[in-house]
Amino acid sequence: MALITLRRNLCHLSDFRIHGALAALKSQPVNHVHKVVRECLQPWFSSLQPEPFRVRFHHACCKKFHSENGNDLHPVGEPVFSQVHDLDSFEQNLKNMDEQIFYRRLNNFTSPEEVLSFINTLQTLPDTMAAAALQRICEMERKDGEQGLPKEILENHVFQALCIQFEQEPSNLSNTGLVTALQALTLLDVAPQSNLLLNLVAECQHRLQRGGLEVHGLCVLGESLIKLQGPGCATLDLVIYQLQGEKLENFHPEDIVALYRILQACPEKADQHQMLLNKINNFSLSIVSNLSPKLISQILTALVALDQTQALPLVIKLGKYVVRHIPRFTNEELRKVLEAFIYFGHNDRFLTAALEQHVAALCLTLDPEVVSTVTAYCSRKQILSEPILNAVAETFVCQSEKFSPSQISELIEAFGKLNYLPPNASDLFRKLEDTLFTHFNYFPPKTLLKLLHSCSLIEYHPVNFMAKLYSPYFLQRLLGEESHLDRLSLAQLTQLLLTSILECPFYKGPKLLPKYQVKSFLTPCCSLETPVDFQLYKSVMSGLIDFLGGRQYFASKVLTPYCYTIDVEIKLDEEGFVLPFTVNEDVHKRVALCIDGPKRFCLNSKHLLGKEAIKQRHLRLLGYKVVQLPYYEIEMLKSRLELVEYLQRKLFSQNTGICW
């Protein structure tokens, strides 16, 4: 293992060998040190003022020291950190130092200066630890949003010693030290032409071609190459090829996830790597219990990017452990997990319960992106979760200014789709109306249309904005660069028009022009109605034939002049007798049978979806007698006779003795 000497013992100077970086520094003038560091880190100096650079690095024996008690020595003028110099149980000679203590101390530091000051107290430093220190410094600068290291760090003599050692002697580094140093530099905005980076990459490529890198080193190198040269570099193919030849049993869980990330970077080659992906997907089932929340989130993200729809067993098992880790996910990790579950169509009641508890507890501190993603998850899976939706409504009322137009639309769409009004509905829609008045033009046209249409589903009609919706200016914006409006937008505009006529008769503003109106809300895709469940429909049909005495007494799938399609229509005369469906005279009453299958309800509930609720509401306003035949009632019937009696009760509850 390579050792980097960073400080020499003052009392026994002649007893120590000078290794690595300090040996190089001792044999070179200061100007040469300046030149080497500037060349290997040239991109980091671009933001500095063009002033003379002086390396504030002195030979150990030239440093001035003072002692508080005759035992604890430290350089005069340098910062002193109590946690750094409290070395009672921490030997300065790293030969006897426990590596775990070193890494724990390293992770506890909060600034690069603390790391460098800590390293400056050590005599010799193994290259793996030196690389870890460099990585920690780069991580902290990256977390602070800096694109490069500040001048104070670049001019620090300890940092310069680290960089010179890595640049001039990469062949002496261990595999771990080499790839860790390379990985550290990829965290910052370092130009690929810097000498330090070129030397490290060249040494990695040399060892790769000799087959000298183990699994972890291959994974780190692969991710570093993606950041430096992009997923199309030829060396990356060799990395993947060598990883493919390794036994997955030799991979640590972190390496498995790293391999997923490498393959995720080139999704266009997913078919080419599918055999490898199948092996990884199957093997990953055995390591799920050992994965941290962060790693679970990363695997799910990779499975989405690689379109691994065949890996549903892995998704389901990951979902079980997601439930346990819900409170431990960061906002970003939780968002990606839920997006993956939306993509794969996964849900379970335990996940919903965990989300309810988490969102309700942290509703006012969750990131708006997470709030909108949780809401989207409930909406896509048709999960009517009152705790989540109530918390979402409260969050929006209190922090509406933090939500973007698309996030606001996602929230309101969920309420409309799930046909749910929270307890603070009046406050919610008052806040929404204020937001729309203030930022109307900031909403993309289709986003705005979906939002306002969702409001109408739950009887909060956007009367104040209908005139703007039907204006030529808005319709032109909605059209954009397309030659015609999409079918869904036209259907939403038409249903809003019908809503204004039936439910808002006081609205006297502009109307939607006939050329923009659709004839039917039921379309093969993006429909505003849910098609009838075929098996349920067949069952009801057979019962109606027995009950009414023939097929001629009812019509199926009838398209009304009002765009809605009725599952079954029955015509009655003035005395309540059933007429053949071909008769159009003397029709006194029309009965609309809604054969509502499970897809017309929220998941595992008896609560109609918003689009079905508005349909039945409008049919009643149009004069139909709406009779709902829900699946959960029909499934309780055990015989055909029970079905006939059920239909009689539903259709003619007040005229049980009617004859045909």
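Quick notes on the rules
- Residues numbered from 1 in each chain as written.
- Predicted model: local features only at pLDDT ≥ 70, side-chain atom pairs only at ≥ 80, totals over all residues.
- Heavy atoms only, no water.
- Helix = DSSP H or I, 4+ residues; strand = E, 2+ residues; numbered from the N terminus.
- Buried < 20%, exposed > 50% of the residue type's maximum accessible area, 1.4 Å probe, protein only.
- Contact = heavy atoms within 4.5 Å.
- Salt bridge = Lys/Arg side-chain N within 4 Å of Asp/Glu carboxyl O.
- Patch = residues over 30% accessible without salt bridge, like charges linked within 9 Å, V, L, I, M, F, W, Y side chains within 5 Å.
- Areas by Shrake-Rupley, 256 points an atom, 1.4 Å probe, with all protein chains shown as cover.
- Lys, Arg positive; Asp, Glu negative; His and termini not counted.
- Charge placed at Lys NZ, Arg CZ, Asp CG, Glu CD.
- Core = buried A, V, L, I, M, F, W, Y, C linked by side-chain atoms within 4.5 Å.
- Phe/Tyr/Trp six-rings, centres within 6.5 Å; stacked < 30°, edge-to-face > 60°.
- Lys NZ or Arg CZ within 6 Å of the ring centre and 35° of its normal.
- 1 Å grid on protein atoms, 1.4 Å probe; cavity = no way out; pocket = protein on both sides within 12 Å on 5 of 7 lines; lining within 4 Å.
- Points joined across faces, edges and corners; volume = space filled by probe spheres on them.
- Nonpolar A, V, L, I, M, F, W, Y, C, P; charged D, E, K, R; others polar.
- Axes fitted to C-alpha atoms, helices over the stretch in contact; angles between N-to-C directions.
- Parallel < 35°, antiparallel > 145°, perpendicular 65-115°, else oblique.
- Left-handed = near helix turned anticlockwise from the far one by under 90°.
- Expected span 1.5 Å × (residues − 1).
- Pairing = 2+ DSSP bridges.
- Right-handed = clockwise from strand over helix to strand, strands pointing away.
- pLDDT = per-residue confidence, 0-100.

Colleague: It is not clear to me how the overall build of the protein should be interpreted in this structure. Could you clarify?
Modeller: Looking only at helices and strands, the protein has 30 helices and nine strands in total. Considering the protein as a whole, with its 660 residues, one finds that 53% of them fall into the buried category. Look at the contacts in the protein between residues 6 or more apart in sequence, and 71% of them connect residues 24 or more apart.

Colleague: Help me understand the pattern of salt bridges, please; the structure alone is not making it clear to me.
Modeller: If charged atoms from side chains of opposite charge come close, those side chains can pair. In total, this model carries 21 salt bridges according to the counting rule given. The closest approach of N and O atoms between E503 and R617, which form a salt bridge, is 3.1 Å. With E503 in the loop between helix 26 (487–502) and helix 27 (534–548) and R617 in helix 28 (residues 610–621), the pair connects residues that are 114 residues apart, well separated along the chain. Here E503 matches R617 in class, with each residue buried. Across the pair E612 and R600 runs a salt bridge whose closest N-O atoms are separated by 3.9 Å.

Colleague: Sorry if this is basic, but what is going on with unusual backbone geometry here?
Modeller: A negative phi angle characterises most non-glycine residues, just as the trans form characterises most peptide bonds. Phi at D307 is positive, roughly 55 degrees, even though this residue is not glycine. Within the fold, D307 resides in the loop between helix 15 (293–305) and helix 16 (312–325). Accessibility expressed as a relative area gives 41% for D307, which makes it partly exposed. One non-glycine residue with positive phi stands out, namely C563, at about 80 degrees. Locating C563 in the fold gives a position in the loop between strand 5 (555–559) and strand 6 (565–572).

Colleague: Even after reading the chapter, I still don't get a negative patch on the surface, so can you show me in this structure?
Modeller: A cluster of acidic residues, E574, E575, E585 and D586, forms a negative patch at the surface. In this structure E585 comes out as exposed when scored by relative accessible area, which is 55%.

Colleague: Looking at this structure, I do not really get the nonpolar core. What am I missing?
Modeller: A general tendency of soluble globular proteins is for nonpolar side chains to be buried together. Core analysis: the largest hydrophobic core is formed by 166 residues, its most contacted members being F166, L300 and L303. With residues near it in sequence (within four places) discarded, L300 still touches V315, L318, V322, V337, A340 and F341.

Colleague: Would you take a moment to explain the packing of aromatic side chains for this structure?
Modeller: Aromatic ring pairs are defined here through the distance separating the ring centres and the angle between the ring planes. One pass over the full model with this rule turns up 13 aromatic pairs. Centroid distance F440 to F465: 5.9 Å. Interplanar angle 5 degrees. Geometry classified as stacked. With a gap of 25 residues between them, F440 in the loop between helix 22 (425–439) and helix 23 (445–457) and F465 in helix 24 (residues 463–469) connect regions that are remote in the sequence. Each member of the pair, F440 as well as F465, carries the same accessibility label: buried. Chaining the aromatic ring pairs together yields one cluster made of F102, Y103, F109 and F118. Against the face of Y537 rests K557, its NZ or CZ located 5.1 Å from the ring centre.

Colleague: Is there a simple way to explain the layout of surface pockets in this structure?
Modeller: Take a probe with the size of a water molecule and roll it over the atoms, and the empty space left behind shows itself. Considered as a void within the structure, the largest pocket measures approximately 1,200 Å³ in volume. Those elements that place two or more of their residues in the lining of the largest pocket are helix 4 (99–108), helix 6 (127–143), helix 9 (175–186), helix 11 (215–229), helix 13 (253–264) and helix 15. Among the elements that take part in the lining of the largest pocket, helix 11 stands out by supplying seven residues, more than any other. The residue inventory of the lining of the largest pocket, partitioned by class, reads 11 nonpolar, 11 polar and nine charged.

Colleague: Please clarify how the side chain of E333 should be interpreted in this entry.
Modeller: For E333, the position within the fold is in helix 17 (residues 331–344). At 5.9 Å, K294 is the nearest oppositely charged side chain to E333, a buried residue that forms no salt bridge. Once residues within four sequence positions are removed from consideration, E333 is found in contact with P293, K294, S297 and R328.

Colleague: Teacher, can you tell me more about the environment of I570 here?
Modeller: Examined against the element boundaries, I570 turns out to sit in strand 6. Taking the C-alpha atoms as reference, I570 lies 6.8 Å from F581; in sequence the two are 11 residues apart. Discounting chain neighbours no more than four positions away, the residues touching I570 are L544, L548, Y553, F554, V578, K589, R590, V591, L593 and L651.

Colleague: How should I be thinking about the environment of T447 in this particular structure?
Modeller: Note on placement: T447 falls in helix 23. Residue classification places T447 among the buried residues on the basis of a relative accessible area of 15%. Expressed as a C-alpha distance, the spacing of T447 and L478, which sit 31 residues apart in the sequence, is 9.7 Å. If we ignore the near neighbours within four places in the chain, the residues touching T447 are P405, S406 and S409.

Colleague: Please clarify how the packing of helix 20 (residues 386–399) against helix 21 (residues 405–417) should be interpreted in this entry.
Modeller: The relative placement of two packed helices is expressed as an angle between their axes plus a distance between the axes. Between helix 20 and helix 21, the least distance of the axes is 11 Å, while the angle of their chain directions is 140 degrees. Considering their axes alone, helix 20 and helix 21 lie oblique with respect to each other. For helix 20 against helix 21, the interelement crossing comes out left-handed. On helix 21, the residues that touch L389, V392, A393 and F396 of helix 20 are I408, L411 and F415.

Colleague: I'm lost on helix 9 in this one. Help?
Modeller: Each turn of an α-helix holds 3.6 residues, which means side chains three or four residues apart point in the same direction. Compared with the 16 Å implied by 1.5 Å per residue over 12 residues, the 17 Å span of helix 9 between its first and last C-alpha is a close match. Across the 12 residues of helix 9, 10 count as buried, placing the element largely inside the fold. All of the buried residues in helix 9 are N175, G177, L178, V179, T180, A181, L182, A184, L185 and T186.

Colleague: What is the right way to read the pairing of strand 8 (residues 589–596) from this model?
Modeller: Side-chain direction in a regular strand flips from residue to residue, so the side chains alternate between the two faces of the sheet. Buried residues dominate strand 8, accounting for six of its eight residues. Sheet analysis places strand 8 next to strand 9 (residues 625–630), joined by six bridges and oriented parallel. Residue pairing across strands places D596 opposite P630, the latter belonging to strand 9. Between strand 8 and its parallel partner strand 9, the chain crosses via helix 28, and the hand of that crossover is right-handed.

Colleague: What's the story with the environment of E369 in this structure? I'm lost.
Modeller: Relative to the elements of secondary structure, E369 occurs in helix 19 (residues 368–380). Residue classification places E369 among the partly exposed residues on the basis of a relative accessible area of 30%. Sequence separation between E369 and N331 is 38 residues, and the spatial gap between their C-alpha atoms is 8.2 Å. Residues within four places of E369 in sequence aside, it is in contact with R335 and Q407.

Colleague: Please explain the pairing of strand 5 as it appears in this structure.
Modeller: Judged from the four bridges that link them, strand 5 and strand 6 form a sheet pairing that is antiparallel. The partner of V558 across the bridge, within strand 6, is I566.

Colleague: So what exactly am I meant to see when it comes to the confidence of the model for the protein here?
Modeller: Note that predicted coordinates carrying low pLDDT should not be read in detail. Counting all residues, the mean pLDDT for the protein is 83, and 83% of those residues have values of 70 or more. Contacts for the low-pLDDT stretch residues 36–96, under 50 throughout, to residues beyond four places or in other chains number 119 contacts. Across residues 656–660, confidence stays below pLDDT 50; counting only partners more than four residues off in sequence or on other chains, it has nine contacts.

Colleague: What should I look at first to understand the packing of helix 23 against helix 25 (residues 472–479) in this one?
Modeller: Two elements in contact, helix 23 and helix 25, have axes separated by 8 Å at closest approach and are oriented at 115 degrees. The pairing of helix 23 with helix 25 is recorded here as roughly perpendicular in orientation. Residue-level inspection shows P445, K446, L448 and L449 of helix 23 in contact with helix 25, the latter providing F474, R477 and L478. Residues of the contact of helix 23 with helix 25, tallied by class, amount to five nonpolar, no polar and two charged.

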